[in-house]
Amino acid sequence: MQPRNMSTSGVVDLAAVKAAQEAKTKAEQARAEAARQGGAGAVSPADLVIDVDEAGFERDVLQRSAEVPVVIDFWAEWCQPCKQLSPVLERLAVEYDGRFLLAKIDVDANQMLMQQFGVQGIPAVFAVVAGQALPLFQGAAGEQQIRETLDQLVQVAEQRFGLTGLVVDPDAQPGAAAEREVPAGPYDALLEAAVQALDAGDFGGAVQAYKNVLSDDPANTEAKLGLAQAELLQRVQGMDPQQVRKEAAEKPGDVDAQIAAADLDLVGGHVEDAFGRLIETVQRTVGDDRDAVRRRLLELFEVVGPEDPRVVGARRALARALF
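The residue numbering used here restarts from 1 in each chain and proceeds along that chain's sequence as written. Per-residue local features of the predicted model are confined to residues with pLDDT of at least 70, and side-chain atom pairs are confined, for both listing and counting, to 80 or more; whole-chain, interface and lining totals are unaffected and use all residues. Think of the side-chain values as coming from all heavy atoms in the structure, minus any hydrogens and water.

As recorded in an unreviewed UniProt entry, the chain goes by Co-chaperone YbbN and comes from Streptomyces diastatochromogenes.

Draft legend 1. Region of the structure containing the state of the cysteines. By disulfide we mean two sulfur atoms from cysteines, separated by a distance within 2.5 Å. Tallying each qualifying case throughout the model produces one disulfide. Here Cys79 connects covalently by a disulfide to Cys82, the sulfurs 2.4 Å from one another. Residues Cys79 and Cys82 share a disulfide whose torsion about the S-S bond is about 80 degrees; that sign makes it right-handed. Each member of the pair, Cys79 as well as Cys82, carries the same accessibility label: buried. Only protein chains enter the accessibility calculation, which uses a 1.4 Å probe; a residue is then buried when its area is under 20% of its type maximum, exposed when over 50%, and partly exposed in between.

Draft legend 2. Summary view of the pattern of salt bridges. Should a side-chain nitrogen of Lys or Arg be within 4 Å of a carboxyl oxygen of Asp or Glu, the pair is scored as a salt bridge. For the structure on display, the rule yields 18 salt bridges. Among the salt bridges present, the one from Arg235 reaches Asp263, with a minimum N-O distance of 2.8 Å. Of this pair, Arg235 sits in helix α8 (residues 221–236) while Asp263 sits in helix α10 (residues 255–267), and the two are 28 residues apart along the sequence. The class for Arg235 is partly exposed, based on a relative accessible area of 24%. Judged by its relative accessible area of 1%, Asp263 falls in the buried class. Here Arg245 and Asp265 are joined by a salt bridge, their closest N and O atoms 2.8 Å apart. One end of the pair, Arg245, is in helix α9 (residues 241–250); the other, Asp265, is in helix α10, and 20 residues separate them in sequence. Taking relative accessible area as the criterion, Asp265 reaches 4% and is therefore assigned buried. What you see here is one network of salt bridges that share partners, running through Arg91, Glu95, Glu143 and Arg147. In DSSP terms, a helix is any run of H or I states spanning at least four residues, a strand is any run of E spanning at least two, and both are numbered starting from the N terminus.

Okay, structure coming up:
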């Protein structure tokens, strides 16, 4: 057993796209269905704090992170700061009412997990969202700082990954949440068709499938994210990377050459290079050329996600370049 998708540096990760799409749909449907059934399938407040070991990590953390952000508290019995921090996290897990799940990992009994997360000292707090690990903070922290961090985590989980959390019923018996089949949503077939097209390399088919969803539901988050990524993959399909980069290097004023190179940068995971290239091109162009570069940069922001700090920084840089 090993944690998967631990790196957050990749951009165009089809598996991650599919996981995010499925997570949003299933989470929203699960919460709606549980509410419709008067709390059926809900978890008790006691289920919001769990002890996790190496054997159960895949099931209790990675799999659960597809429906709710999982906050991991690395602790040990001998750690005095842990004894101050852990009760605060446990209380907040209940207070946040299912918006995150707290997983407690005893480092003395789970050295492998400690090493895989790169924990240098305890207490250390991480989060796993849709299978991806995020460091939160290390060492003792004040409750206000913890709340601010959790608020940001919940916001990112909802806006970028569509995770709406768990339904909590104070009257539910601990561990009694029923496993049930989640009913199919109205766009499941189209979204699944789009993901299958992406997996098969049929980027045109994926683009059309996402557009079909957006024609009925313009605000559909999964479809907007998927469309931006499918269009990017469609654009770079068939490109000769060496030729594209050669032309971009030889023609710094050629807008089309710089845009094509930025697309390749992003597909290769070189996010800052892609953003920096286009921002520099904005600075040295005017009129329609500048507007074309700006529009492409905004499209690439959609691919990466609005909450990504690289996008936040690039938006500020773009504003300075434009004004």
